[in-house]
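Overview (structure and organization)
Here are the chains, one letter per residue:
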Amino acid sequence: MSFAANDLIVVGSGFFGLTIAERAATQLDKRVLVLDRRDHIGGNAYSEAEPETGIEVHRYGAHLFHTSNKRVWDYVTQFTDFTDYQHRVFTKYRGQIYSFPMNLGLICQFFGQAFSPDEAKALVAEQAAEIDTAEAKNLEEKAISLIGRPLYEAFVRGYTAKQWQTDPKELPASNITRLPVRYTFNNRYFSDTYEGLPVDGYTAWLERMAAHPNIEVRLSTDYFDVRDELPTGGPVVYTGPLDQYFGYSAGELGWRTLDFESEVVHTGDFQGTSVMNYADEDVPFTRIHEFRHFHPERDYPKDKTVIYREYSRFAESGDEPYYPINTSEDRRKLDSYRDLAKREAKERKVLFGGRLGTYKYLDMHMAIGSALSMFDNKIAPYFTEGRSLDGSMEDET
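Every chain is numbered independently, its residues counted from 1 as its sequence is written. Confidence filtering applies because this is a predicted model: local features only for residues at pLDDT of at least 70, side-chain atom pairs given and counted only at 80 or more, and all residues used for totals across whole chains, interfaces and linings. Note that water and hydrogens are dropped before the side-chain values are worked out from all heavy atoms of the structure.

1. Considering the sheet that holds strand E6 (residues 89-93)
At least two DSSP bridges between two strands are needed for those strands to be called paired. Numbering of helices and strands runs from the N terminus, with a helix taken as a DSSP run of H or I at least four residues long and a strand as a DSSP run of E at least two residues long. One open sheet holds the seven strands; their spatial order is E7-E6-E12-E13-E14-E11-E15, and the pairing between them is mixed. Unpaired on one side and paired on the other, strand E7 (96-100) and strand E15 (323-324) mark the two borders of the sheet. Here helix H3 (residues 104-111) sits on the sheet and contacts E6 and E7; the angle it forms with E7, its principal contact strand, is near 155 degrees. Contact between two residues is taken to exist if any of their heavy atoms lie within 4.5 Å; hydrogens are not considered. Fitted lines through C-alpha atoms serve as axes, helices being fitted only where they are in contact, and the angles separating the N-to-C directions of these axes extend from 0 to 180 degrees.

2. A closer look at the environment of Gln-96
Within the secondary structure layout, Gln-96 lies in strand E7. Taking the C-alpha atoms as reference points, Gln-96 and Phe-375, separated by 279 residues in sequence, lie 49 Å from one another. Aside from chain neighbours lying at most four places away, what touches Gln-96 is Thr-91 and Gln-109.

3. Let's talk about the sheet that holds strand E16 (residues 350-352)
Strand order across the open sheet formed by five strands is E9-E2-E1-E10-E16, with parallel pairing between neighbours. With one partner strand each, in any of the chains shown, strand E9 (215-218) and E16 form the two edges of the open sheet. Each strand axis lies, on average, 20 degrees off the axis of its neighbour in the sheet, ignoring direction. Direction of pairing for strand E2 (residues 32-35) relative to E9: parallel, over a ladder of four bridges. From the neighbouring strand, Leu-33 faces E9, where its bridge partner is Glu-216. On top of the sheet, helix H13 (residues 364-385) reaches strand E1 (8-11), strand E10 (236-238) and E16; it is set at about 170 degrees to E16, its chief contact.

4. Here we look at helix H11 (residues 328-348)
For a helix, the expected span equals 1.5 Å multiplied by the number of residues minus one. With 21 residues, H11 ought to run about 30 Å at 1.5 Å a step, and its terminal C-alpha atoms sit 29 Å apart, in line with that. A 1.4 Å probe rolled over the protein chains alone gives each residue an accessible area, and that area as a share of the maximum for its type sets the label: buried under 20%, exposed over 50%, partly exposed in between. The set of residues buried in H11 consists of Asp-330, Lys-333, Leu-334, Tyr-337, Ala-341, Glu-344 and Ala-345. All buried residues of H11 project into a common sector of 120 degrees when viewed along the axis, lining one side. The exposed set on the far side of H11, more than 90 degrees from its buried face, consists of Ser-328, Lys-346 and Glu-347. Looking at the buried positions of H11, the neighbouring elements they touch are helix H10 (242-245), E16 and helix H12 (354-358). Within this analysis, the arc is defined by the directions that extend from the helix axis to the C-beta atoms.

5. Structural notes on the domain arrangement of the chain
For an interface, size is often stated in terms of accessible area lost upon the parts coming together. Domain annotation of the chain identifies domain 1 (1-88 + 188-396) and domain 2 (91-175). For the domains described, the bounds stem from an automatic or database domain assignment. Between domain 1 and domain 2, the C-alpha centre-to-centre distance is 32 Å. Listed by partner, the interface residues are 17 residues for domain 1 and 18 residues for domain 2. Two parts placed together each lose some accessible area under a 1.4 Å probe, and adding up what both lose gives the buried area. For the pair domain 1 and domain 2, the two sides together bury roughly 1600 Å², of which 55% comes from carbon and sulfur.

What follows is the structure, encoded as structure tokens:
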């Protein structure tokens, strides 16, 4: 495999990598080579038409764009228009459907009484007083100290146990810092200034970011298989797993992963909403996505729909990593890898970014914002001012 000369190599074609590539190509007129081990662009944000129905699905789980960062919004709207979609979630518990996150509507419905905001606050405070937050020894006690036992047992306990495959009594209290309860009937899931879904889908958006003639994208190309053949000298922005880059020398970092079970259902509407959580512990999946509801403006079939059942589990070697677990042992390993990353930047001009490259969960807008910061603070000064790369891991959000 031969590679043309380039100024910058980007490993990974998710939002972080493509933002770096697009900025370097358009703002600095640099030649950029983007490598991705998958057979498609876009990382976990990749979307595609389900073949039987034509409904756009998100192969790696629902991606919902929202941000209050105007710079990020101004940047992304260069490549796509957005619909006016606002995300709303519902949760099923013991045969009843409740709006989520926990709000005044849920409280009134769950307790079978019409509460004013002040009455609902007083009720939750009374129930939460069972346990002092400062005394909480595990996740269950911490949650009860925040919202009370009835709401915890209905809407947090089972869902959390499924997410973590662990009894909440065995999870550290530090896993949650707060459990928001809204004392209004507002059931909009996000509160950001800007929200919507790309009109033409995520893949079209991502392809436009990579469309500059200075950008070459090589798919089905694993960086570790070809790095000895790559031209040397210029910087590398690596967005793959941090521990893999260093040969797992400090041990594997822990991740949660997701499995999806796709089904075409012969009905025009399966659940009436885009996402339904399942709080009951005896239901094995955590939620069901119905993708037609992400784009009600589209002319989708009236007699078929696509659903994804989502299952959560601990990732094993070879699984797709989704969420960092961040145990104290993980953080110890991460400190070792950060030291190695600083050295790698100085010695080999490699910068680490993105969710996998920093071992941080990053929403899409956070990944894009972090990439813009890396470009401004490191990539652009390297090329325009001859400054060296400072070697610190990129974790601006």
